[in-house]
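Given next are the chains, with one letter for each unit.
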Amino acid sequence: MTDDPIIIMEFDHQSRLRKVRKRLSRRGLDGFLVAGKKNIYYLCGFSGEDSWLLVTAERAILITDFRFQEQAAASLPPECEVSLRTRKSLNAKAAELCREHSLKKIGFEERHLSYGEFYRLKKSLRSRELMPVGELVEELRMIKYPEEIDLLRRSARMTTRVLSLVMKGLTPSLTELDVAGRINIALLRDGGRSAFSPIVATGLRSSQPHAVASHHSIGGGNVLLIDMGAESEAYNSDMTRTFILGDFPRKFKTIYRAVLGAQKKAIRLIRPGVTASSIDGVARRYLEERGYGSYFGHSLGHGVGLEVHERPVISSRSRDVIKKGMVFTVEPGVYIPGWGGIRIEDTVMVTEDECEILTEYPKDLESMVQKMKG
Ligand code: ZN
Ligand code: ZN
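Scoring rules and cut-offs
- Within any chain, residue numbers begin from 1 and follow the written order of that chain's sequence.
- Chains and ligands are labelled sequentially in the order written, the chains with letters from A and the ligands with numbers from 1.
- Where local features are concerned, this predicted model is filtered to residues with pLDDT of at least 70; where side-chain atom pairs are given and counted, the filter is 80 or more; whole-chain, interface and lining totals use all residues.
- Based on all heavy atoms of the structure, the side-chain values leave hydrogens and waters out of the count.
- At least two bridges found by DSSP between two strands are what make those strands a pair.
- Secondary structure elements are defined from DSSP: runs of H or I of at least 4 residues count as helices, runs of E of at least 2 residues count as strands, and each element is numbered from the N terminus.
- Whether two residues are in contact is decided by their heavy atoms: any pair within 4.5 Å suffices.
- Axis definition: a line fitted to C-alpha atoms, limited for helices to the stretch in contact. Angles are taken between N-to-C directions and run from 0 to 180 degrees.
- Any angle between 65 and 115 degrees counts as roughly perpendicular, while under 35 counts as roughly parallel, over 145 as roughly antiparallel, and the rest as oblique.
- Take the far helix as the reference: if the near one is turned anticlockwise from it by less than a right angle, the crossing is left-handed, and if turned clockwise, right-handed.
- Salt-bridge detection follows one rule: a side-chain nitrogen of Lys or Arg within 4 Å of a carboxyl oxygen of Asp or Glu.
- Donor atoms (N, O, S) are those found within 2.8 Å of the metal centre, with the cutoff raised to 3.2 Å for Na, K and Ca; water is not part of the atom list, so apparent gaps in a site can occur.
- Metal sites are grouped by the angles between bound donors: all angles between 85 and 135 degrees with four donors is tetrahedral, opposite donors over 155 degrees apart with the others between 65 and 115 is square planar for four donors and octahedral for six, and any other pattern is irregular.
- For every residue, the accessible area (1.4 Å probe, protein chains only) is compared with the maximum for its type, and the residue is labelled buried under 20%, exposed over 50%, or partly exposed between those bounds.
- Two N or O atoms count as a polar contact when they lie within 3.5 Å, although within protein this holds only if one can serve as hydrogen donor and the other as acceptor, and sequence-adjacent residues are included solely when both atoms are side-chain atoms.

Peer 1: Lay out the sheet that holds strand S7 (residues 193-194) in plain terms, naming residues and giving numbers.
Peer 2: Spatially, S7-S10-S11 is the arrangement adopted by the three strands of the open sheet, whose pairing is antiparallel. Lying at the two open borders of the sheet, with one neighbouring strand each, are S7 and strand S11 (235-236). The pairing of strand S10 (residues 230-232) with S11 spans two bridges and is antiparallel. Across the sheet, Ser232 pairs through a bridge with Tyr235, a residue of S11. Across the face of the sheet, helix H7 (residues 146-168) comes into contact with S10 and S11 while running at roughly 140° to S10.

Spelled out as structure tokens, the structure:
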């Protein structure tokens, strides 16, 4: 079904490792244990489980086990090497390598190391110092490399293609679960998979921002909210459209216009140098001025990449500043208990002086009117 040609991507792992090493030396660290699965993938292209990556000034060593030996050999770039932890725990092997390389001050990812792992690692490392590094790799991941942008575009195209396909086959007797199932299958057929369980919410249920698809039939209510995204070659996309089935109530129109207006206003503001909180602020104010402020209870957006939710955070509390190459969602919504909800979400990419919408799917009011038959 896909018309997207298969592309073999060359990732610049050397540049990624260089950036990490620069940050390590700034903090006076001579080693760094990467435990976050996506961070390991980002730095060395390995996607297996139960593995850590030890980065030193000269080496990048993947600590893994027999199960992933072949996969590691096939996926690691030349600047990385494998060390099997044969019959040893991850922390014992990591400690052994730290001793071998005479590392004294080692950074670790407190977000990805459990307390138990940390405790055992500290014991194995004895007098060596362990220092938390915060979101060191996550912060690098905020700015996408051109090859990542290509994959994100591809993932976004898959999302819009699949939604078009699924929308064509909708009938009122289908349930929310049927629609979610069709989305999942269409994504698999297109060579990807769902980045997350699709949210399909009809009628009153659409006022729950994260409603789980249920046995309710989609013909039972006017509003049909679909929030979905593809994961393609490890990269995600995220998009929401809210449709109207059959009748076209005035209240729906008014709220839809307010949500779309808020989204457009926020998108117009996006460019390098603006703060994430000001983007959230402009959409929030737009809805407040129209009396919907209290019905928009979540943040405006989130970064998208190897994870569906990553940095930057687009919220009123965010301290992130927008830079070229960032990819994130803009998703205002109005949720009124007892009536329903409307959310419009796109994944956008920041360019030199504005942003580009990656999830190109119609969202003007007329396009959203789906006349259901039967
Ligand atoms: Zn979403
Ligand atoms: Zn989202």
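On we go from here.
Peer 1: Hey, could you go over the packing of H7 against helix H8 (residues 176-189) for me, with residue numbers and the actual values?
Peer 2: Between H7 and H8, the shortest axis-to-axis distance is 10 Å and the interhelical angle comes to 130°. The orientation of H7 with respect to H8, classified from their angle, is oblique. Two packed elements cross with a definite hand, and for H7 against H8 that hand is right-handed. Residues Met158, Val162, Leu165 and Val166 of H7 pack against Val179, Arg182, Ile183, Ala186 and Leu187 of H8.

Peer 1: Residue-level account of the pattern of salt bridges, with values.
Peer 2: Considering all chains together, one arrives at 28 salt bridges under this definition. Ionic pairing is found between Arg343 and Asp227, a salt bridge with its closest N-O pair at 2.9 Å. Here Arg343, found in strand S17 (residues 340-343), pairs with Asp227, found in strand S9 (residues 223-228); they are 116 residues apart in sequence, far enough to count as distant.

Peer 1: An account of the coordination of the zinc ion (ligand 1) is requested, with residue identities and associated values reported.
Peer 2: Taken together, the protein donors to the zinc ion (ligand 1) comprise Asp227 (OD), Asp227 (OD), Asp238 (OD) and Glu345 (OE), at separations of 2.0 to 2.5 Å. With four donor atoms in place around the zinc ion (ligand 1) and angles of 57 to 148° between them, the coordination shape is irregular. In the primary structure, the donors to the zinc ion (ligand 1) are separated according to the pattern D-x10-D-x106-E. According to the relative accessible area criterion, Asp238 is buried, its value standing at 3%.

Peer 1: So what's going on with the side chain of Thr359? Residues and values would help.
Peer 2: Topologically, Thr359 is positioned in the loop between strand S19 (355-357) and strand S20 (369-370). Of the residues examined, Thr359 reaches a relative accessible area of 0% and is grouped as buried. Here Thr347 takes part through its backbone nitrogen, which lies 3.0 Å from a polar atom of the side chain of Thr359. Apart from residues lying up to four places away in sequence, Thr359 is in contact with Ala156, Thr160, Asp238, Met239, Arg241, Asp346 and Thr347.

Just geometry here; none of it tells us what the structure is for.
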